[in-house]
Amino acid sequence: MGKPQKIVVVGAGPVGSLAALYAAQRGHDVEVYELRPDLRDPGTIPLNFTRSINLAISERGINAMRHAGQPGLLEHVMASTIPMRGRMIHGRRPNGTLFEHSQDYDVKGRAIHAIDRAGLNKRVLDILDDMPNVKLFFNHKLTGADYRTCKAWFEVQDSNSDNVSRAEEIGISFDLMIGADGAHSAVRYHLMKFTRMNYQQEYIDTLWCEFQLKPVRTDTAAEPLSRFRISPNHLHIWPGKDFMFIAIPSDDGSFTCTLFMPSKEFSDLESDTSKLPAFFDSHFPGVTDLIPAEELIESFNSNPHLPLISLKCKPYHYGSSCVVVGDAAHAMVPFYGQGMNAGMEDVRILFSILDKHAQMDETNDPASEATTSTTPAFQRSLALAEYSAVRPADAHAINDLALQNYVEMRASVLSTRYRLRKFLEEFMSVHFPTLGWQTKYSRVSFSNEGYMDVIRKSDAQGRALVRSFFALAASPFAVTAALLGYKYRRSIGNILRALPNGYP
Ligand code: FAD
């Protein structure tokens, strides 16, 4: 996008604010319209969350900030993150004692990071506020859009009223609208009227509810000290066959905890919340030692029980005037910790494609007859078409991986077969680095490879392991190894139990 254009971003969540920064860094006139009040105002909480919560950010989100062209952004944001080097699996042994079992995410020691979603969002909004070519409009709800004439309408809401009142409607024009307005995107809804969009959504039969594990507080007047009650460098998981409870650290010493459970169990417990502590004791051993029973019940009663949506659509754009990114394009279930990461990656990829086409615009001779087909709008339409051609396959792939990972997180984490595969893949990665083996989790969380490539390479590794297994099993050596294995089965069992695991 060589010549400055008017870019309107709808939604000032983590993805929309980053998209606005990318556009502003390129010299465009940027306007950001956000439904909700300014997140930086005291008392404002993000949509659907009861307070500012921590999410896992990994390489894709980090890389998108790295390429935002804003010195210091990444360092500032990462300074308040907490590295989580693995999962901590909590459970109870058959003899009734509790155990904690750490499973590193990565054989090379790489970590994902707990980040305050609102802190990240606020930092980018602060930067945008200081840019002369950016205007931020809060309490503005997109109500209509015409992508042929490049006009849109917003309801300006009265932020002082609890009953959101409709004050006025305004109309604006734009060259490009970037829809980053989340899973229930109004930009996408209007886009469907202009393009033949395939759209698919699924609610899984799982609801989620947020809890809080408070820090141990040793207050002295001079220096209040918070202590984490469980390891801060892990994402804690209490797996269950059909349920799961997780905890992510915050830098105030607390943990944001989430209960994931089928809707039927939620209904059963809603009808008698006094059963909740016993339910936790039976499925998530040890949690009631960390969160008092009355706080569990209080959070369960007061925090919403929210659904999880997974959606796919294609194409993501119309002509040169509209494109959707982030959850608006591909909301996913949170079990790979990739929703925000993938959305931020969208922004990096979208702008790299726009940049490529803008350069073509600049290299064209303005005096040539072809000039009309090299206008910014024409080049942008080529760029958006390319984005729509390349990005959905990767977004659909991570949507599917996120769905599959729910089973892995709550059930497979304790399986020997699963841990053995991870051990073998990591063994290959360390001892035969030239073969390029890595676990699927490492490829998703610590690389910027396309998600489709991740699936392709991981499947190929799986097939190679199976082939090696059969080749080995057919050899005379295997018979000897099997006999020795039987003889020393107890020691091998101990080794396997000690193996690190590592899917999120
Ligand atoms: P949103 O964050 O939904 O922002 C959209 C914005 O648009 C909002 O501010 C909204 O108010 C605004 N808006 C909506 N409608 C309009 C309108 N009509 N007009 C104007 N503005 C509008 N992701 C990770 O990467 N790692 C994790 O660990 C992780 N954990 C998660 C845990 C849970 C329980 C959940 C539910 C999600 C998790 N995610 C995680 C996903 C992550 O929260 C989302 O992918 C991310 O917030 C998407 O960002 P976004 O900016 O695209 O959309």
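What you see is a predicted model, and the numbers here were worked out from it, not measured in a lab.

Details of the nonpolar core
In terms of nonpolar packing, the biggest core is built from 74 residues, with L128, Y147, M177 and I178 touching the most fellow members. Excluding its chain neighbours within four sequence positions, the residues that come into contact with I178 are I7, V8, V9, V10, A19, V323, V325 and F351. Core analysis: the second largest hydrophobic core is formed by 32 residues, A56, I82, A114 and A402 among them.

Focus: the site of the ligand
In the region of the ligand, 29 residues are neighbours, and E34, A56, R117, D327 and M340 sit closest. Contacts to the ligand include A56, whose backbone N or O atom sits 2.8 Å from an oxygen atom. Taking L142, its main chain carries an N or O atom lying 3.0 Å from a nitrogen atom of the ligand. For the ligand, whose accessible area on its own is 1000 Å², the fraction buried by protein is 88%. When contributions to the shell around the ligand are tallied by element, the ones reaching two or more residues are α1 (14–25), β3 (54–57), β9 (140–146) and α11 (339–363).

What to know about helix α13 (residues 416–431)
For α13, built from 16 residues, the straight-helix expectation of 22 Å at 1.5 Å per residue is met to within 8% by its first-to-last C-alpha distance of 22 Å. Turning to α13, its buried residues are Y418, R419, K422, E425, E426, M428 and S429.

Considerations on the side chain of H113
As for its position among the elements, H113 is in strand β7 (residues 112–116). Given the relative accessible area of 17%, H113 is considered buried. Not counting residues up to four positions away in its chain, the partners in contact with H113 are L55, A56, I57, I62, M78, T81, I82, P83 and M84.

Overview of a nonpolar patch on the surface
On the surface, L420, F423, L424, F427, F432 and L435 cluster together to form a nonpolar patch covering roughly 510 Å² of accessible area. Owing to a relative accessible area of 40%, F432 belongs among the partly exposed residues under this scheme.

Re empty space enclosed by the protein
Counted by the stated rule, this structure contains two cavities of 30 Å³ or more. Volume-wise, the largest cavity comes out at about 40 Å³. Taken together, D106, V107, R110, E426, S429, Q438, T439 and S442 make up the full set of residues lining the largest cavity. Considering only residue class, the lining of the largest cavity consists of one nonpolar, four polar and three charged.

Let's talk about the packing of helix α7 (residues 276–283) against helix α9 (residues 293–302)
Angle between the axes and distance between the axes are the two parameters that describe a pair of packed helices. Packing of α7 against α9 brings their axes to within 9 Å, and their N-to-C directions diverge by 105°. Between α7 and α9, the interaxial angle falls into the category roughly perpendicular. Residues L276, P277 and F280 of α7 form the contact with α9, whose participating residues are A293, L296, I297 and F300. Here the residues of the contact of α7 with α9 are counted per class, giving seven nonpolar, no polar and no charged.

So, the pairing of strand β6 (residues 98–104)
Inspection of the sheet shows strand β5 (residues 86–92) paired to β6 by seven bridges, in the antiparallel sense. Opposite I89, over in β6, you have H101 as the bridge partner.

What to know about the sheet that holds β7
One open sheet accounts for three strands, arranged β3-β7-β4; its pairing is antiparallel. Edge positions in the open sheet fall to β3 and β4 (82–84), since each of these has one partner strand only. Averaged over all pairs of adjacent strands, the angle between strand axes in this sheet comes to 35°, irrespective of strand direction. Relative to β7, β3 runs antiparallel, the two sharing four bridges. Residue pairing for β7: L55 is matched across the bridge by I115. On the sheet, helix α4 (residues 117–129) packs against β3 and β7 and is oriented at approximately 70° with respect to β7.

Considering the packing of aromatic side chains
What the rule picks out here adds up to 25 aromatic pairs. Seen in terms of ring centroids, F280 and F284 are 5.1 Å apart; in terms of plane orientation they differ by 65°. Their pairing is edge-to-face. The class for F284 is buried, based on a relative accessible area of 0%. Between the aromatic rings of Y316 and Y387, the centroid separation amounts to 6.0 Å while the plane-to-plane angle is 45°, which identifies the pairing as tilted.

Observations regarding the environment of S250
Positionally, S250 belongs in the loop between β17 (244–249) and β18 (255–261). Sequence separation between S250 and N54 is 196 residues; the distance between their C-alpha atoms is 6.4 Å.

Side note on the pattern of salt bridges
Two side chains carrying opposite charge are able to pair once their charged atoms lie near each other. Taken as a whole and assessed by the stated rule, the structure comprises 19 salt bridges. Across the salt bridge formed by D106 and R110, the nearest N and O atoms sit 2.9 Å from each other. One salt bridge connects E345 with R348, and the closest N-O pair in it is separated by 3.8 Å. Separated by three residues within a single helix, E345 and R348 lie in helix α11, roughly one turn from each other. Each member of the pair, E345 together with R348, is buried. Taken together, the shared-partner salt bridges connect R60, E345, D346, R348 and R391 into one network.

Structural notes on the state of the cysteines
Here the structure, examined in full by the defined rule, presents zero disulfides. Sulfur of C150: no disulfide; nearest cysteine sulfur belongs to C322 and is 9.4 Å away.

A word on the packing of α1 against α4
Packing of α1 against α4 brings their axes to within 9 Å, and their N-to-C directions diverge by 25°. Compared by their axis directions, α1 and α4 come out roughly parallel. In the packing of α1 onto α4, the handedness of the crossing is left-handed. Between α1, through P14, S17, L18, A20 and L21, and α4, the contact on the second element is made entirely by R117, L120, N121, V124, L125, I127 and L128. Of the residues belonging to the contact of α1 with α4, the class tally is nine nonpolar, two polar and one charged.

What counts, and at which threshold
Residues numbered from 1 in each chain as written. Predicted model: local features only at pLDDT ≥ 70, side-chain atom pairs only at ≥ 80, totals over all residues. Heavy atoms only, no water. Core = buried A, V, L, I, M, F, W, Y, C linked by side-chain atoms within 4.5 Å. Buried < 20%, exposed > 50% of the residue type's maximum accessible area, 1.4 Å probe, protein only. Contact = heavy atoms within 4.5 Å. Near = heavy atom within 4 Å. Polar contact = N/O pair within 3.5 Å; in protein donor to acceptor, adjacent residues only side chain to side chain. Areas by Shrake-Rupley, 256 points an atom, 1.4 Å probe, with all protein chains shown as cover. Helix = DSSP H or I, 4+ residues; strand = E, 2+ residues; numbered from the N terminus. Expected span 1.5 Å × (residues − 1). Patch = residues over 30% accessible without salt bridge, like charges linked within 9 Å, V, L, I, M, F, W, Y side chains within 5 Å. Salt bridge = Lys/Arg side-chain N within 4 Å of Asp/Glu carboxyl O. 1 Å grid on protein atoms, 1.4 Å probe; cavity = no way out; pocket = protein on both sides within 12 Å on 5 of 7 lines; lining within 4 Å. Points joined across faces, edges and corners; volume = space filled by probe spheres on them. Nonpolar A, V, L, I, M, F, W, Y, C, P; charged D, E, K, R; others polar. Axes fitted to C-alpha atoms, helices over the stretch in contact; angles between N-to-C directions. Parallel < 35°, antiparallel > 145°, perpendicular 65-115°, else oblique. Pairing = 2+ DSSP bridges. Phe/Tyr/Trp six-rings, centres within 6.5 Å; stacked < 30°, edge-to-face > 60°. Disulfide = S-S within 2.5 Å. Left-handed = near helix turned anticlockwise from the far one by under 90°.

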